[in-house]
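Chain residues, written in single-letter form:
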Amino acid sequence: MTQNDSDVWFEESSGSGMSSHLSLLDQSDPTAMPEASPLNLWGVALCVSGTLIVSENAIVVAAILATPSLRAPVFLLLASLALADLLAGVALILHFLFLFCVEPTDWSELMTSGLLATSLTASLLSLMGVALDRYLSLSQALTYGSRHSRRCAAGLLALVWLGSCLIGSGPVLGWHCLNDITTCSVARPLTRTYLSLLCGGFLLVVMVTLQLYTGICRVARRHAHAIATQRHFLPDDQSYASKHGGRGKGLSRLLLVLGVFVSCWTPFALYGLLGDASSSPLYTYATLVPAAGNSLLNPLLYSLRNRDIRLVLLHACCPHRHNTHRPVDV
């Protein structure tokens, strides 16, 4: 097969046709023992992004675990999200080490592939859990956040991580294409069947999450109308709008969260379903970068925007200025 210009440029710039986050994407003989690739710009970017992901998510996990008062369902979900993104960053760093620092092996490919599949699946499911938490906190504002709700959230997260670990163990348990490269997907060593099921699940979670956020908008609109009616104002009254202009700001934040979420996950999910082993490595890398980049943006969009987590971090940095902390329960 004749390579196009983009394939040649990608292989030259990456030193050895660097793959994606999951593994090497070259279609060489699986029985040959590859050598460590020379360091290049793609490798440096991989290591730096993984380090940033690990650093910021480790701060979030430490802040939540070190504060006993942060045990409401929303904080359990944010801790799960940060932990999943932290593991994704660790997988990127390990991939960098195996690719550029030591001689890569089949075992290293399978380990990094499984770890990334586990962490990205847990991250995506935790994002859906955050959307569910926001929906329930609005629709069941009087009861949600109780001890019973915290137990349910903890049980749900246990199922999320159990399912993610089972999904991520597929390559290690033998669901890979190292022995038959004709079954490889756009992300070697994952088979096309495995990646298609994984990406199909990703798209399903994305659609469910969008539906939850649509429900959040409907519930928020009903609440705003009820408040306006109780105060004898029409919803479009100018004085009411001036006092409650935060609705527009909240809507813009919601659109930002949804826009980042969809733009990060949809490209790779669609490409994983439509592409095959003959697809250019450049396209695989270009679609996987946003998916992993979502782990870099999640702490900024979710955890660090939470007022209670910010207060914990400010207290850790300036303990004399922030002596008290009373987080809300929802």
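Residues numbered from 1 in each chain as written. Predicted model: local features only at pLDDT ≥ 70, side-chain atom pairs only at ≥ 80, totals over all residues. Heavy atoms only, no water.

Trainee: Explain the packing of aromatic side chains residue by residue, including any values.
Mentor: In this description, an aromatic ring pair is defined by two values, namely the gap between the centres and the angle between the planes. On inspection of all chains with the given rule, the structure shows four aromatic pairs. Between phenylalanine 96 and phenylalanine 100 the ring centres are 5.4 Å apart and the planes differ by 40°, which places this aromatic pair in the tilted class. Of this pair, phenylalanine 96 and phenylalanine 100 are both found in helix H3 (residues 73-101), four residues apart, which corresponds to roughly one turn of the helix. With respect to class, phenylalanine 96 is no different from phenylalanine 100; both count as buried. Ring geometry for phenylalanine 202 versus tryptophan 265: centroids 5.0 Å apart, planes at 70°, classification edge-to-face. Of the two residues, phenylalanine 202 is situated in helix H6 (residues 192-230) and tryptophan 265 in helix H8 (residues 246-274); the sequence distance between them amounts to 63 residues. (Phe/Tyr/Trp six-rings, centres within 6.5 Å; stacked < 30°, edge-to-face > 60°. Helix = DSSP H or I, 4+ residues; strand = E, 2+ residues; numbered from the N terminus. Buried < 20%, exposed > 50% of the residue type's maximum accessible area, 1.4 Å probe, protein only.)

Trainee: Now, about the state of the cysteines: what can you tell me, with residues and values included?
Mentor: Put plainly, a disulfide is one covalent bond tying together the sulfur atoms of two cysteines. Summed over all chains, the structure comprises one disulfide. Residue cysteine 317 stays outside any disulfide, its sulfur separated by 5.9 Å from that of cysteine 318, the closest cysteine. (Disulfide = S-S within 2.5 Å.)

Trainee: Any details on the UniProt feature "transmembrane region" (unreviewed entry) in the protein chain? Residues and values, ideally.
Mentor: This chain's UniProt record puts "transmembrane region" (unreviewed entry) on residues 41-67, 74-98, 110-132, 153-174, 194-213, 251-270 and 282-301. Structurally, residues 153-174 comprises 73% helix and 0% strand, and the distance from its first C-alpha atom to its last is 33 Å. For residues 194-213, the helix share is 100%, the strand share is 0%, and the end-to-end C-alpha distance is 29 Å. (UniProt positions renumbered as here; feature names shortened; annotations may be inferred.)

Trainee: Which residues make up the nonpolar core, and what are the values?
Mentor: Formed by 60 residues in total, the largest nonpolar core has its most connected members in Ile64, Phe75, Leu78, Leu195, Tyr213, Trp265 and Tyr302. Mapped onto this core, the elements with two or more residues apiece are helix H2 (41-65), H3, helix H4 (106-139), H6, H8, helix H9 (281-303) and helix H10 (307-317). When residues of this core are assigned to their parent elements, the largest contribution, 13 residues, is made by H3. Tyrosine 302 has contacts with Leu78, Leu81, Leu127, Val130, Arg134, Tyr213 and Val257, leaving out every residue within four places of it along the chain. (Core = buried A, V, L, I, M, F, W, Y, C linked by side-chain atoms within 4.5 Å. Contact = heavy atoms within 4.5 Å.)

Trainee: So what about H3? Which residues, and what values?
Mentor: In this model, H3 (29 residues) spans 41 Å end to end at C-alpha, consistent with the 42 Å of a helix rising 1.5 Å per residue. Taken across its 29 residues, H3 has 21 buried, putting it largely inside the fold. (Expected span 1.5 Å × (residues − 1).)

Trainee: If you had to explain the environment of tyrosine 302 to someone new, which residues and values would you point to?
Mentor: Along the chain, tyrosine 302 falls in helix H9. In the structure, tyrosine 302 is positioned 172 residues away from valine 130 in sequence and 8.8 Å away in space, judged by C-alpha atoms.

Trainee: Residue-level account of a nonpolar patch on the surface, with values.
Mentor: A grouping of Val44, Val48 and Leu52 is seen on the molecular surface, where their side chains present a nonpolar patch of about 240 Å² in accessible area. Mapped onto the fold, valine 44 is located in helix H2. (Patch = residues over 30% accessible without salt bridge, like charges linked within 9 Å, V, L, I, M, F, W, Y side chains within 5 Å. Areas by Shrake-Rupley, 256 points an atom, 1.4 Å probe, with all protein chains shown as cover. Salt bridge = Lys/Arg side-chain N within 4 Å of Asp/Glu carboxyl O.)

Trainee: How would you explain the environment of isoleucine 181 if you had to name every residue and give the values?
Mentor: Relative to the assigned elements, isoleucine 181 resides in the loop between helix H5 (147-168) and H6. Taking the C-alpha atoms as reference points, isoleucine 181 and threonine 191, separated by 10 residues in sequence, lie 8.6 Å from one another.

Trainee: Explain the pattern of salt bridges to me, using residue names and the numbers behind them.
Mentor: Within the structure shown, the criterion is met by one salt bridge. Glutamate 109 is the partner of arginine 188 in a salt bridge, and the nearest nitrogen-oxygen pair spans 3.3 Å. With a gap of 79 residues between them, arginine 188 in the loop between H5 and H6 and glutamate 109 in helix H4 connect regions that are remote in the sequence. In terms of burial, arginine 188 and glutamate 109 fall into one category: buried.

Trainee: An account of a positive patch on the surface is requested, with residue identities and associated values reported.
Mentor: Among the surface-exposed residues, Arg253, Arg305, Arg307 and Arg310 lie close enough to one another that they form a single positively charged patch. Locating arginine 307 in the fold gives a position in helix H10. (Lys, Arg positive; Asp, Glu negative; His and termini not counted. Charge placed at Lys NZ, Arg CZ, Asp CG, Glu CD.)

Trainee: How would you summarise the environment of leucine 157 if you had to cite specific residues and measurements?
Mentor: By secondary structure assignment, the location of leucine 157 is in helix H5. Assessed through its relative accessible area of 11%, leucine 157 is described here as buried. For leucine 157 and glycine 129, which are 28 residues apart along the polypeptide, the C-alpha to C-alpha distance reads 8.5 Å. Residues in contact with leucine 157, not counting those within four places in the same chain, are Leu76, Leu77 and Ser80.

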